[in-house]
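Working through the structure, step by step
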Amino acid sequence: MINKAIFIITSFLLSITSFAQNSYVKVGIEVLQEQNFKSLEGKRVGLVTNPTGIDINFTSTIDILHQASNVNLTALYGPEHGARGDTDAGAHVESYIDKTTGLNVYSLYGKTRKPTPKMLENVDIIVYDIQDIGVRSYTFISTLGLVMEAAAENGKEVIVLDRPNPLGGKKVEGNIVMDGYFSFVSQFPIPYIYGLTVGELAYMMNHEGWLKNGMKCKLKVIPMKGWKRSMRFQDTGRAWVPSSPHIPNVQTAELYPATGIIGELEASFIGIGYTLPFGVFAAEWINGLTYAKKLNQLQLEGVHFRQITFTPYYKDKKGKKLNGVQVYITDYDKVRLSEIQFHALSVLKKLYPDKDLFVGKENRFSMFDKVCGTDQIRVNFTKHYHFDDMKPYWRKDEETFRKKSAVYMMYRN
């Protein structure tokens, strides 16, 4: 009950913060700086970050902490894509020396994804500052969970510098991960779109016993000032820094959950290799005008489809002309983002029954199921390729999760 009271009091204080006074949302690193880094004084500090860890002036959190006279930054940790963002998606990151600071950068996406005791021997506090995109399969929250586990095992403190959820704080979509399907792309029992900031999620991980063996680390979250649950990233007054190579702008971050799951079957089908990653459904054999017409006839709330033809610049369909549809979000409050891709597959099957995106991709089923957090989505959907066959399972956990996660919400309005 004490923890719940703390969350409620914190939420109330944050809810009365005036966004108008700042004209932009202040994120955790800026609030920590306003506090003159008091939480870090006298401690050896490790930092988990990437290029999204910046202040409003585009200064890296690495450099902010390194230059602060009362902060002893002793180590850096790089997630997928690396601490400075110089590694491709899925590629292993090697440990190295950061040229700017001279500090060791320990890889958390290479030989190990969890900090080892040796990696932590020169730190007392691990600071986490990464912009997430609010989707379960995006690996940065998995890195955070493993950092928290390592901290608990080695007696270290974790401080999360909070940042906006670019999908907002109200969207919750998808089923909870089923036993047997937990992985680095579905590491916690949360929906596919979970509607929390990374700081709120960290509290939930810690207090719900989701870390290994139910461990808890010493955890503190530096909250934002001025963020509201109803905000999209465009409302924050902040610039978007690519959170990974194929999320170049915030519009792509919003489309990622609308197309990314079926991208596990064929990445080129959703625009990987072209300038619209996660923004299209396309192949050589599709008639884009017909496909767009049939999809729009579904009258799905909040989304429109436009015919498109393009030629990818890289990946497996490089140089081949593809036809299909571009996805436009027209009413963000009403759209069910994660379900768009299943409607797209359903219409595709009706138009081209001999062009099954699942056939011949059996080697991808494991990854598809891991991203879905179960095999039941694939099994139920591919019976007849009707969304209604998988709809009950996909939506079954949403309201329960909303209620369970509410106590961890630091921002109420």
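Presented here is a report on the structure given in the accompanying data block. Once a new chain begins, its residue numbering starts again from 1 and follows that chain's sequence as written. Since the coordinates come from a predicted model, pLDDT governs what is reported: local features require at least 70, and pairs of side-chain atoms require 80 or more to be given and counted, while whole-chain, interface and lining totals use all residues. The basis for every side-chain value is the complete set of heavy atoms in the structure, and neither hydrogens nor water enter the calculation.

1. Some remarks on the packing of aromatic side chains
- Stacked, edge-to-face and tilted are the three classes for Phe, Tyr and Trp ring pairs, Trp counted by its six-membered ring, which pair at centre distances within 6.5 Å; planes under 30 degrees apart are stacked, over 60 edge-to-face, the rest tilted. Considering all chains together, one arrives at 20 aromatic pairs under this definition.
- Here F358 and Y385 contribute two aromatic rings whose centre-to-centre distance is 6.1 Å and whose plane-to-plane angle is 70 degrees, an arrangement assigned as edge-to-face. Placement of F358 in the loop between helix 10 (340–351) and helix 11 (365–372) and of Y385 in the loop between helix 12 (376–384) and helix 13 (387–395) is noted, with a sequence separation of 27 residues between them. Neither residue differs from the other here; F358 and Y385 are each classed as buried.
- An aromatic cluster of at least three residues, connected via ring pairs, comprises Y192, F342, F358, F365, F368, F381, Y385 and W394.
- Lying across the ring of Y332, K171 places its NZ or CZ 4.8 Å from the centre.
- Look at NZ for Lys and CZ for Arg. If either is within 6 Å of the ring centre and within 35 degrees of the ring normal, a charge sits over the ring. Its end group placed over the ring of Y393, K396 keeps NZ or CZ at 4.6 Å from the ring centre. We count a stretch as a helix when DSSP gives it H or I for four or more residues in a row; a strand needs E for two or more, and each element gets its number in order from the N terminus. Only protein chains enter the accessibility calculation, which uses a 1.4 Å probe. A residue is then buried if its area is under 20% of the maximum for its type, exposed if over 50%, and partly exposed in between.

2. As for the packing of helix 9 (residues 288–297) against helix 10
- To obtain an axis, a line is fitted to C-alpha atoms, over the contacting stretch when the element is a helix, and the angle between two such axes runs from 0 to 180 degrees between their N-to-C directions. Between helix 9 and helix 10, whose axes approach to 10 Å, the crossing angle comes to 125 degrees. Classified by the angle between their axes, helix 9 and helix 10 sit oblique to one another. As for how helix 9 packs across helix 10, the hand of that crossing is right-handed. Counting all contacts with helix 9, which are made through T290, Y291, K294 and L295, the residues of helix 10 involved are H343, A344, L345, V347, L348 and L351.
- Each residue is assigned to one of three groups, with Ala, Val, Leu, Ile, Met, Phe, Trp, Tyr, Cys and Pro labelled nonpolar, Asp, Glu, Lys and Arg labelled charged, and all others, Gly among them, labelled polar. In the contact of helix 9 with helix 10, the residues fall into seven nonpolar, two polar and one charged. Should an angle lie under 35 degrees it is considered roughly parallel, over 145 roughly antiparallel, and from 65 to 115 roughly perpendicular; all remaining angles are considered oblique. Should the near helix be turned anticlockwise from the far one by less than a right angle, the crossing is left-handed, and should it be turned clockwise, the crossing is right-handed. We call two residues in contact when some of their heavy atoms are within 4.5 Å.

3. Details of the side chain of T74
- Tracing the backbone shows T74 in strand 2 (residues 72–78).
- For T74, the contacting residues outside a window of four places in its chain are R44, V45, G46, L103, N122 and V123.

4. A word on the sheet that holds strand 5 (residues 125–129)
- One requirement defines pairing of two strands: DSSP has to find at least two bridges between them. Read from one edge of the open sheet, seven strands run 3-4-2-1-5-6-7, paired in mixed fashion. Looking at strand neighbours, the two that pair on one side only are strand 3 (96–97) and strand 7 (218–222), the edges of this open sheet.
- The pairing of strand 3 with strand 4 (residues 104–107) spans two bridges and is classified as antiparallel. Bridge pairing links I97 to N104 in strand 4.

5. Brief notes about the sheet that holds strand 9 (residues 303–310)
- Spatially, three strands are ordered 8-10-9 in an open sheet, and the strand pairing comes out antiparallel. Edge positions in the sheet fall to strand 8 (280–283) and strand 9, since each has one partner strand and no second. The sheet shows a mean angle of 20 degrees between the axes of neighbouring strands, direction not considered.
- Bridge count between strand 9 and strand 10 (residues 322–329): eight bridges; the pairing is antiparallel. Paired with V303 across the two strands is I329, which belongs to strand 10.

6. Examining the nonpolar core
- L40, F269, F281 and Y291 are the most contacted members of the largest nonpolar core, which has 123 residues in total.
- When residues in this core are grouped by element, the largest group, seven residues, is from helix 6 (residues 140–154).
- Sequence-distant contacts of F269, defined by excluding residues within four places in its chain, comprise I262, V280, F281, A282, A283, I286, Y291, L348 and L357.
- Residues belong to a common nonpolar core when they are buried Ala, Val, Leu, Ile, Met, Phe, Trp, Tyr or Cys residues joined through side-chain atoms within 4.5 Å. One finds V280, A282, I308 and L322 within the second-largest nonpolar core, a separate group that totals six residues.

7. Considerations on the pairing of strand 2
- Of all seven residues in strand 2, six are buried, a share of seventy percent or more.
- Taken together, the five bridges between strand 1 (residues 44–49) and strand 2 define a ladder with parallel strand orientation. Opposite R44, over in strand 2, you have N72 as the bridge partner.
- By convention a crossover is right-handed if, when the strands point away from the viewer, the path from the first strand over the helix to the second runs clockwise. As for the winding sense of the linkage, the β-α-β connection from strand 1 through helix 4 (residues 61–67) to strand 2 is right-handed.

8. Let's talk about the environment of D63
- Looking at the element boundaries, D63 is found in helix 4.
- For D63, a relative accessible area of 15% translates into the label buried.
- Linking D63 and Y328, residues 265 residues apart in sequence, is a C-alpha distance of 38 Å.
- Every residue in contact with D63, bar those within four places of it in the chain, is listed here: R84, T100 and T101.

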